[in-house]
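# Analysis of the macromolecular model
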Amino acid sequence: MKRRDMKQEVEKELLEDFEQIRNIISENREKTGALIRVLEQTQELISYLPPQVLEVISKDLKIPLSEVYGVVSFYNFFTMVPKGKYTIEVCMGTACHVRGNPRNLDALRKEFGIEIGETTKDGKFSLDIIRCFGCCGLSPIVRVGGDLYRRVNPTKLKRILTQYE
Amino acid sequence: MKRLESVDALKKWTDEIRADMLVCESKARVIVHMGTCGIAAGAEAILDSFLKEIEAKRIDAIVSQSACIGLCNWEPVVTVIHPRNGRVIYKELVPEQVPRIVEQHLQGGKAVEEWVMDETMPFFTLQVRRILANQDIDPMRIEEYIARDGYHGLAKALTEMSREEVIEEVSKSGLRGRGGAGFPCGRKWMAAYRAQDNVKYIICNADEGDPGAYMNRSVLEGNPHSVIEGMTIGGYAIGARQGFIYVRAEYPLAVETLNHAAAQAREHRLLGKNILGTGFEFDIDIFLGAGAFVCGESTALTLSIEGKRGMPKTLPRPRTTEVGLLGKPTVLNNVETFSSIPLIILKGASWYKEVGTESSTGTKTFCLVGKVSNSGLVEVPLGIPMSQIVLDMGGGPPEGKKFKAVQIGGPSGGCIPREHLSVSVDYQSISKLGAIMGSGGLVVLDEDTCMVDTARYFLQFTKDESCGQCIPCRVGIPRMLDILNKITEGKGSMEDLDTLEELGEMIVATSLCGLGNTAPNPVLTALRYFRDEFEAHIIDKKCPAAVCQTLFRAPCQHVCPVELDVPGYIALIKEGKFEDAYNLIRQRLPFPSICGRICHHPCEAKCRRGQVDDPLAIKHLKRFVTDWALEHEVEYTPQLKGGKKEKIAIIGAGPAGLSAAYDLTREGYQVTVFESLPVAGGMVMVGVPRYRLAKELIGKEIEAIKKMGVEIKLNSKIEDINALFDQGYNAVFIATGAHKGLRLNIPGEDLDSIYQCVEFLRRINLGEEVKLGKKVIVIGGGNVAMDAARSALRLGSEVKIVCLESSKEMPAWEWEIDETLEEGISIIHSRGPRRILSTDGKVSGLEVMEVRAVFDDEGRFNPTFYEDKISVIEGDTIILAIGQSPDTSFIKEVGGIELARRGWIIADPRTLATKKKGVFAGGDVVTGPKSVVEAVAAGQRAACSIKRYLESEELAPRVEREDERTFEIPLLVEEVEEQSRVTVSNVEPSQRKSSFCEVTLSYTEEQAREEARRCLRCDLEV
């Protein structure tokens, strides 16, 4: 597909969202640190930040696109790549590291054949690491689709993932 | 909605709230603790259960929620307050337990004791909860905060104190920033106060980026108003009208709670315009972080709030208190710092200083996590020894694992090893050890943690989080990481360690911001205190904790001192190929029968199956195979290489000596072993009792060695090593062990009926008659003491063991202690021998003193006693089992071989070479008493070194082994289902006491194959 066609495809999908995104921008325009607030709330809405959206934000907030991109690429939270239906987040905090999450991460990598930051071909699961959930007392922790699971090992993980359709 | 237009209005409302609460105090109350962890552990279902039950039974009880109270280990937890019996905490609840609690406790007024938390534990009693005192209130109800004097501090500050007085009070309290650096809070506020600008800002750093720290999260979720109040007081003091709370986005519950709290505060005129009618205006905006650790740095944080990339400002730069957010004077403090402010204003600086040290006043919250039994959020006075937090409150590592270090200060901090664990937890003392206090995360590490891997982990983190501006951090940290990766892959060199130190120190000195300044700390402290682990990775290509996966396949094989192919022979057992399994073991181990019975099995400690259910019974499987081989008369014939002309003399026919003989003979050398006793086998033959290891088995394995052509000369004590060289031997290996017992040096020690344990056991094993009295006292807490006690029991005496250690501290292996107690032998703990009593020249008892402590602050063996707490243990025979020493009197100093104190031979730990050319030493005579497999490993190492020496090669630290998987070992692995270990059975204790027959029974063939099926085949990982 030509690049222009792809662009139009994405834009069609996002048409309704654009209305809401414009609202987010106008609500936050006057606040301190408006750009980051807008990016956060926009990503919360559509789960990622495609280039078209960044262009809109850049124009509306009158911030150069390069600066917008600079902020998006700096912070771990922002992603320009769509996430899967469920995001699997493996905590890489010290307590979780020491209590076995590296093995859980390896097991997930092998099981789905994807690297950190990638999504499975069927779009079901994305794999990410989180620096620390702050639930160290329950380590090792893995979060799937927003649900926190504690004291996880590769066997338990397999069982947990089957619950996600 | 109550708009509080004045302080009086606040006071009046407070009284009303308290009156309401008083009424409720006649009712039972349930508080379900629902912090993020509680919810993850299932607290929502518990809450539902309680609501349903209470409604169904129509009980007039109150159910409320709060955030977490810090009992992470025991989530979900619930507090129940009953007018008749006060407050208890229920732990680890499941919904099924709720009906009984409702009926018995809420209705009946009687707590369900077996489910209640034991609050007499040091975990509770050593805490001083000030910041965490309000964690049990409902954070969504401002009334509950106000009832606890909430916002009264603000009221006092606004109406009774001038701005200078507020700052003065904070300064006097000595409060230091709780974010990590510990900068005096009062001084910071004063600088901002003095700045001339009518726009100023107050920022709360709630980014809490340190992995392993969640103290701030708990306060934000549980007591958000304390932070709001603290910031408002700060705003008043310095002259700011706008505050920001920078919260990390990974804390969604905290964000929600803060927003709700701020909204409520505004409604009540405690925030926003005209606060409490005083005309003071201050509001708070909540800003979400976006996942950047570096934004915990003050200038990066302010830039982030401005919507920019969080890249710290270059130096030189003005202080944030002069030029901060949007160029205005800004005070940036941590959550806990702000949370302390209302308390200081209300109760005064003097109250605050009542705990803590002189320069580190007050309390600090800590998250005690990692390999610790009681993990949780605690608050302690500064100045408390770290050991009290980690060992007393935390209970040390679970499952009996050995403590290794505690990491403090996260990626900017360092590790503190056992010998420094008594350090006072205050800002200066911690930094003296090379670490920093940090925000409060304490991660406990145990014997299964690799310090090299941990150092690498932290560098990986700081490398990812580096903003990239300055070269030391951007380039230096990845370089250090590369070196660490090399080391964990077994490709490091000793020079790398110097490079790491040099690089680290340079990065610390020249980085632009705190991230770079402190990133090397974890590596530098690991090098400082655990250099031996780095050396093991580099020189031995071993990871002692069996973590660095690139160095090995199966952890069991890796930590075995002789690197036995454990997965290989277990796979063969599973297939019923017992003869192959036996031969596979014999290729590497000349004494499998012995190891199958008395090895201390370090392999099992690292078995990965242990993370699923139980570790494999590796030792027992080995025993099964050796018994089977014996029964079926399997003979292993080792391949012998061509005859070499050199002759080697080995002094001592113990496991070390004979293993060396075995390997050297296979290489083709002529070996003669000189043994002073009338039997060969060393400590295994004359020290280990028959009920642990039948002597016939040793005899058979020694016969096999003799069949190879090894000459063993019994009753041949060597007096002069030089003479051996004169006789034509080309090399000598000294492996004489440690067969002397240590003396106590107390009065009465030379009476009759007092035996040295080693001598006692030797006489029994040699078949000599030993006459013991009726009441035997064994002094000692190690395995040898257990051996002596159980042997004495079998000779017909009544036996008591006395040792210095408490039951937790006893060095004897747990299973040995269990079997000893089963046989009816009592152990008297924590008593030290003072003198031996006698009547008519015969032993009548042992006078003992109570032990105060066995180990000193540095964890070294250094017993101290209560000299006045004396008691007597009756007995007519005493056996001393307090330690062993070698008899190396035959080594004359002039020979060039150095001896340590008590006579241990000094030899290179890896090549086993002594200072005298051609003379090598290993086993117990060098290391002190160790296990049999370590002696075998020493023998093999000696053989390797001697071979290199004789072939004029350089002595190298690595032992060369051929890859010997010559058997068809199956590659199939089955699905992992949970299944505990097949039980190893012992003979009934009542039957054991009167005979020296072996205590442990062997597996049957079916049992062995079933147990072998549990092996995860870690060696097959691709």
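Up top you'll find the structure we're talking about.
What comes next concerns the included structure.

So, how was this worked out
- Residues numbered from 1 in each chain as written.
- Chains lettered and ligands numbered in written order.
- Predicted model: local features only at pLDDT ≥ 70, side-chain atom pairs only at ≥ 80, totals over all residues.
- Heavy atoms only, no water.
- Contact = heavy atoms within 4.5 Å.
- Buried area = accessible area lost by both parts, 1.4 Å probe.
- Salt bridge = Lys/Arg side-chain N within 4 Å of Asp/Glu carboxyl O.
- Polar contact = N/O pair within 3.5 Å; in protein donor to acceptor, adjacent residues only side chain to side chain.
- Helix = DSSP H or I, 4+ residues; strand = E, 2+ residues; numbered from the N terminus.
- Nonpolar A, V, L, I, M, F, W, Y, C, P; charged D, E, K, R; others polar.
- Buried < 20%, exposed > 50% of the residue type's maximum accessible area, 1.4 Å probe, protein only.
- Arc of directions from axis to C-beta.
- Pairing = 2+ DSSP bridges.
- Axes fitted to C-alpha atoms, helices over the stretch in contact; angles between N-to-C directions.
- Core = buried A, V, L, I, M, F, W, Y, C linked by side-chain atoms within 4.5 Å.
- Patch = residues over 30% accessible without salt bridge, like charges linked within 9 Å, V, L, I, M, F, W, Y side chains within 5 Å.
- Areas by Shrake-Rupley, 256 points an atom, 1.4 Å probe, with all protein chains shown as cover.
- Lys, Arg positive; Asp, Glu negative; His and termini not counted.
- Charge placed at Lys NZ, Arg CZ, Asp CG, Glu CD.

Below, the discussion takes up the interface of chain A and chain B. Chain A puts 37 residues into the contact, and the matching count from chain B is 59 residues. With both chains or domains summed, chain A and chain B bury close to 3,900 Å², and 57% of this area falls on carbon and sulfur atoms. Counting the contacts that link chain A with chain B gives one salt bridge. In this structure, R37 of chain A engages D285 of chain B in a salt bridge whose closest nitrogen and oxygen atoms are separated by 2.9 Å. In this assembly, chain A and chain B are joined by 16 residue pairs in polar contact (both at pLDDT 80 or more). Counting only elements with at least two residues in the side of chain A that touches chain B, the list comes to α2 (34–46), α4 (65–74), α5 (94–98) and α7 (154–162) of chain A. Split into classes, the residues belonging to the side of chain A that touches chain B amount to 17 nonpolar, twelve polar and eight charged.

With that out of the way, let us pick up helix α40 (residues 1005–1012) of chain B. Of all the positions in α40 of chain B, only A1008, E1011 and A1012 of chain B are classed as buried. Along the axis of α40 of chain B, the buried residues cluster in a sector spanning 100°; they form a single face.

Strand pairing in a sheet relies on backbone hydrogen bonds. The paired strands run either parallel or antiparallel. Residue and element names in this part refer to chain B. Read across the sheet, three strands follow the order β23-β24-β25 without closing on themselves; strand pairing throughout is antiparallel. Since the sheet does not close on itself, it has two edges, and those belong to β23 (831–839) and β25 (861–874), each with one partner. The average undirected angle you get between the axes of adjacent strands in this sheet is 25°. Of the pairings in the sheet, the one linking β23 to strand β24 (residues 842–855) comprises eight bridges and is antiparallel in character. Of the residues in β24, the one forming a bridge with P833 is V848.

This part is about the nonpolar core. Nonpolar side chains in soluble globular proteins tend to be buried together. Among the nonpolar cores identified, the biggest contains 115 residues, and Y151, W189, I245 and M386 of chain B are the most heavily contacted of them. In this structure, L564, L664, F967 and V982 of chain B belong to the second largest nonpolar core, which totals 85 residues.

All names here are of chain B. Within the element layout of this structure, V778 appears in strand β20 (residues 775–779). On the accessibility criterion, V778 (0% relative accessible area) is buried. Put simply, V778 and V547 are 231 residues apart on the chain and 40 Å apart in space, counted from C-alpha to C-alpha. Those residues in contact with V778, other than ones at most four positions away along the chain, are A785, A788, A789, V799, K800, I801, V802, I879 and A881.

Before going further, it helps to spend a moment on the side chain of E701 of chain B. Its place among the elements puts E701 of chain B in helix α32 (residues 695–707). Those residues in contact with E701 of chain B, other than ones at most four positions away along the chain, are P590, F591, P592, S593 and I594 of chain B.

Moving on, we get to the pairing of strand β1 (residues 28–33) of chain B. All names here are of chain B. Most of β1 sits out of view: five of its six residues are buried. Across four bridges, β1 lies against strand β3 (residues 78–82) in antiparallel orientation. Residue pairing for β3: V32 is matched across the bridge by V78.

We now examine the pairing of strand β12 (residues 414–417) of chain B. In summary, the side chains of a regular strand alternate between the two faces of the sheet. All names here are of chain B. Relative to β12, strand β11 (residues 403–408) is paired through four bridges, and the arrangement is antiparallel. Bridge pairing in β12 places Q407 opposite C415. What sits between β11 and β12 in their antiparallel hairpin is a turn of five residues, with G409 showing a positive phi close to 90°.

Let us now look at the pattern of salt bridges. Residue and element names in this part refer to chain B. A complete count under the given rule lists 73 salt bridges over all chains for this structure. Among the ionic pairs, E144 bridges to R141, the shortest N-O distance being 3.2 Å. Among the ionic pairs, E306 bridges to K308, the shortest N-O distance being 3.0 Å. Residue class for E306 comes out buried when judged on its relative accessible area of 17%.

What follows covers a negative patch on the surface. Residue and element names in this part refer to chain B. Side chains of E495, D498, E502 and E505 sit close together on the surface and give a patch of like negative charge. If you trace the backbone, E502 turns up in helix α20 (residues 494–510). Of the residues examined, E502 reaches a relative accessible area of 60% and is grouped as exposed.

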